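Architecture at a glance
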Amino acid sequence: MGKLYAVGFGPGGYEHMTQKAIDVIQNADKVVGYTTYVEMVKPYFPDKDYVATPMMKEIDRCKMAIEMAKEDQTVAMISSGDSGIYGMAGIILELANEMKADIEIETVPGVTAASMAASVLGAPLMRDFAVVSLSDLMTPLELIMKRIECAGMGDLVLCLYNPKSKKRTDYVNQATDILLKYRDPETPVGIVRHAGRKEETSLITTLGQLKEAPVDMFSIVLIGNSETYVENGKMITPRGYEKKYGF
C-alpha cells in the first residue's frame, strides 16, 4: 500500500523544519507541491524527484499525489507552515475519500506563520486568540468581517493571514474599523513580513495607526487584546501569572 504524507515544512528555513518533516521528505519517492514551495525546499533536498504545479492547481495537485500513492509510492505533499492550517491536509483527505483511494494518509505538522510571527514579536499569543484569513477566495467577505467582529467582542488576540493583495487593498482597513469599536487605538499591533525567512522584517505599531502601516500578502498581522502591551521592543500579552502569584 502506498502512503501519502501532507507535510508542513514551516516558514522555509531548514532550522525550522521538524525532524519528522525532514525524514519524510528525504524518504519519499515523490515530493509534490506548489512551485514556490518546491523551490524553497530543493536546496535542502536536491536529489529528490519533484512534481510542481502553479497556484490555483491545488485540486489537480492533490489528485496527482493520491494517484501516485495508489501506485504504491511514498509521496510527500509539501506546504509551508503547517499542512493542517490553511494547507493541503484537508483537501487530500476529502479527495481521497471521494476517490475511494486505498492508501495510508498521514499529516505531518509544522511551524505555522502565527507561531513564527509571534516568536519574532515577543509573546503576543499568551492568551486566547483567533486566526482569520482576510482572503475571500474561499470565504465570503461578510462572514470574514463577522468573525473579526466576534474576535473584537470577545477580546481575543487576533492574527490576520493574507491581509492584503493587489485586489484586496481595503480589507485590513475594514477589519481595523470594526476592532476600533472594541479596542483602544493604542492597542499594540505587530506586523511580520516573510516570517522565519531570510527576508524577514518586523515592526510594532498601534491599532490606530494600522491603516498607514506597510502590509502585504507576505505579512502576518498580530493585533493585541485589551491587556497586550509593549516593553523593551517586545509585544507581551500577560498570561495572568503576576495576578495569581503576586510577582
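Residues numbered from 1 in each chain as written. Predicted model: local features only at pLDDT ≥ 70, side-chain atom pairs only at ≥ 80, totals over all residues. Heavy atoms only, no water.

**A few points about the side chain of Thr176**
What counts here: A run of DSSP states H or I qualifies as a helix once it reaches four residues; a run of E qualifies as a strand once it reaches two. Both are numbered from the N-terminal end. Pairing of N or O atoms within 3.5 Å defines a polar contact, subject to two protein rules: one partner must be a possible hydrogen donor and the other a possible acceptor, and residues neighboring in sequence count only if both atoms are side-chain atoms. Contact criterion: two residues are considered in contact whenever any of their non-hydrogen atoms come within 4.5 Å of each other.
Structurally, the position occupied by Thr176 is in helix H7 (residues 171–179). There is a polar contact of 2.8 Å between the side chain of Thr176 and the backbone oxygen of Val172. Excluding anything up to four places from it in sequence, Thr176 contacts Leu207, Leu210 and Lys211.

**Side note on helix H4 (residues 89–99)**
Test applied: Only protein chains enter the calculation, and the probe is 1.4 Å; a residue is then buried if its accessible area is under 20% of its type maximum, exposed if over 50%, and partly exposed in between. Within this analysis, the arc is defined by the directions that extend from the helix axis to the C-beta atoms.
Within H4, burial applies to Ala89, Ile92, Leu95 and Ala96. Within H4, the buried residues cover an arc of 135 degrees as seen down the axis, which keeps them to one side. In H4, the exposed positions angled more than 90 degrees off the buried face are occupied by Glu94, Asn97 and Glu98. In this fold, the buried residues of H4 make contact with strand E1 (3–8), helix H3 (58–70), strand E4 (74–79) and strand E5 (104–108). Phi turns positive, to about 50 degrees, at Lys100, one or two residues after H4.

**What about the packing of aromatic side chains?**
Our working definition: Aromatic pairs are defined between Phe, Tyr and Trp rings, using the six-membered ring for Trp, whenever the two ring centres lie within 6.5 Å; interplanar angles under 30 degrees are classed as stacked, those over 60 as edge-to-face, and all others as tilted.
Across all of its chains, the model carries five aromatic pairs by this definition. Centroid distance Tyr14 to Phe45: 6.3 Å. Interplanar angle 45 degrees. Geometry classified as tilted. In this pair, Tyr14 sits in the loop between E1 and helix H1 (19–27) while Phe45 sits in the loop between helix H2 (35–41) and strand E3 (50–53), placing the two residues 31 residues apart along the sequence. Ring geometry for Tyr86 and Tyr161: centres 5.0 Å apart, planes at 50 degrees, overall tilted. With Tyr86 in the loop between E4 and H4 and Tyr161 in strand E8 (residues 157–161), this pair connects stretches of sequence that are 75 residues apart. The class of Tyr161 is buried, set by a relative accessible area of 9%. Here the aromatic cluster, defined as three or more aromatic residues joined through ring pairs, consists of Phe9, Tyr34 and Tyr37.

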